[in-house]
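What follows is the residue order along each chain.
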Amino acid sequence: QVQLVESGGGLVQAGDSLRLSCAASGSSFRDYTVAWFRQAPEKEREFVAAIRATGHTYYAESVKGRFTMSRDNGKNTVYLQMDTLKPEDTAVYYCATGRPILSAIRNTNMYYHWGQGTQVTVSS
């Protein structure tokens, strides 16, 4: 059973940067795809980024060029470096693991382990 814990959220101003971390325990996730999703108040959870076991990364169009996802399998941790943050990035950010096929990598239903989330608030 994989347990995921996110950290690194906070309150920042537009244009600032944050780095989120997602640490796994209970089992290695080196063979899994790990993804970041986010959910703003009264909105559905949406895909942000994912990294496959191969190291290939995928991003939502809204964050491409500003967010960078990476993984350190030795530390069983993935990171989401968020630069040039915008107020619309405000949300609770969740990490999740699964083994989705590529065409479904953005689908929340493809992930079966989730963290508790970390709040990111970007003020204008």
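Note that the coordinates shown come from a computational prediction; the quantities given were computed from them, not determined experimentally.

Caption draft 1: Highlighting the overall build of the protein chain. Helix and strand counts for the protein chain come out as zero helices and eleven strands. Mapped in sequence order, the helices and strands of the protein chain form the string β-β-β-β-β-β-β-β-β-β-β. Its C-alpha radius of gyration of 13 Å places the protein chain within 12% of the 14 Å reference for a compact globule of 124 residues. Principal axes of the C-alpha set define a box for the protein chain whose edges measure 40 × 30 × 25 Å. Burial analysis of the protein chain (124 residues in total) assigns 44% to the buried set. Once local pairs closer than 6 in sequence are excluded, the contacts in the protein chain between residues at least 24 apart make up 59%. For the protein chain, the computed accessible surface area is about 6,300 Å², with 46% contributed by carbon and sulfur atoms. Averaging the coordinates of the 13 positive side-chain charges in the protein chain and doing the same for the 11 negative ones gives two points 7 Å apart.

Caption draft 2: Examining the packing of aromatic side chains more closely. Summed over the entire model, instances satisfying the criterion amount to six aromatic pairs. Consider the rings of tyrosine 32 and tyrosine 112, whose centres lie 6.3 Å apart with planes at 75 degrees: the pair is edge-to-face. Here tyrosine 112 lies in strand 10 (residues 111-114) and tyrosine 32 lies in the loop between strand 3 (18-25) and strand 4 (33-39), a separation of 80 residues in the sequence. On the accessibility criterion, tyrosine 32 (13% relative accessible area) is buried.

Caption draft 3: Representation of the nonpolar core in the model. Within the largest apolar cluster, 36 residues are counted, with the highest numbers of intra-cluster contacts made by Trp36, Met69, Leu80, Met82 and Tyr93. Of all elements in the fold, only strand 3, strand 4, strand 5 (46-51), strand 7 (67-72), strand 8 (77-82), strand 9 (91-98) and strand 11 (118-123) reach the threshold of two or more residues within this core. For this core, the element with the highest residue contribution is strand 5, accounting for five residues. Beyond its immediate stretch of four places on either side in the chain, leucine 80 contacts Leu18, Arg19, Leu20, Trp36, Val48, Ala49, Phe67, Thr68, Met69 and Tyr93.

Caption draft 4: How the structure looks around the side chain of aspartate 89. Mapped onto the secondary structure, aspartate 89 falls in the loop between strand 8 and strand 9. Residue aspartate 89 is classed as buried on the basis of its relative accessible area, which comes to 1%. There is a polar contact of 2.9 Å between the side chain of aspartate 89 and the side chain of arginine 38. Setting aside its immediate chain neighbours within four residues, aspartate 89 contacts Arg38, Arg66, Phe67, Thr84, Val120 and Val122.

Caption draft 5: The pairing of strand 11, seen in detail. The two faces of strand 11 differ: Thr118, Val120 and Val122 on one face are buried, but Gln119, Thr121 and Ser123 on the other face are not. Examined bridge by bridge, strand 2 (residues 10-13) and strand 11 share four bridges and lie parallel to one another. Each bridged residue has a counterpart across the sheet, and for glutamine 13 the counterpart in strand 11 is serine 123. Two elements, strand 9 and strand 11, share three bridges in a ladder whose sense is antiparallel.

Conventions and cut-offs
- Residues numbered from 1 in each chain as written.
- Predicted model: local features only at pLDDT ≥ 70, side-chain atom pairs only at ≥ 80, totals over all residues.
- Heavy atoms only, no water.
- Helix = DSSP H or I, 4+ residues; strand = E, 2+ residues; numbered from the N terminus.
- Rg over C-alpha atoms; globule rule 2.2 N^0.38 Å.
- Buried < 20%, exposed > 50% of the residue type's maximum accessible area, 1.4 Å probe, protein only.
- Contact = heavy atoms within 4.5 Å.
- Areas by Shrake-Rupley, 256 points an atom, 1.4 Å probe, with all protein chains shown as cover.
- Lys, Arg positive; Asp, Glu negative; His and termini not counted.
- Charge placed at Lys NZ, Arg CZ, Asp CG, Glu CD.
- Phe/Tyr/Trp six-rings, centres within 6.5 Å; stacked < 30°, edge-to-face > 60°.
- Core = buried A, V, L, I, M, F, W, Y, C linked by side-chain atoms within 4.5 Å.
- Polar contact = N/O pair within 3.5 Å; in protein donor to acceptor, adjacent residues only side chain to side chain.
- Pairing = 2+ DSSP bridges.

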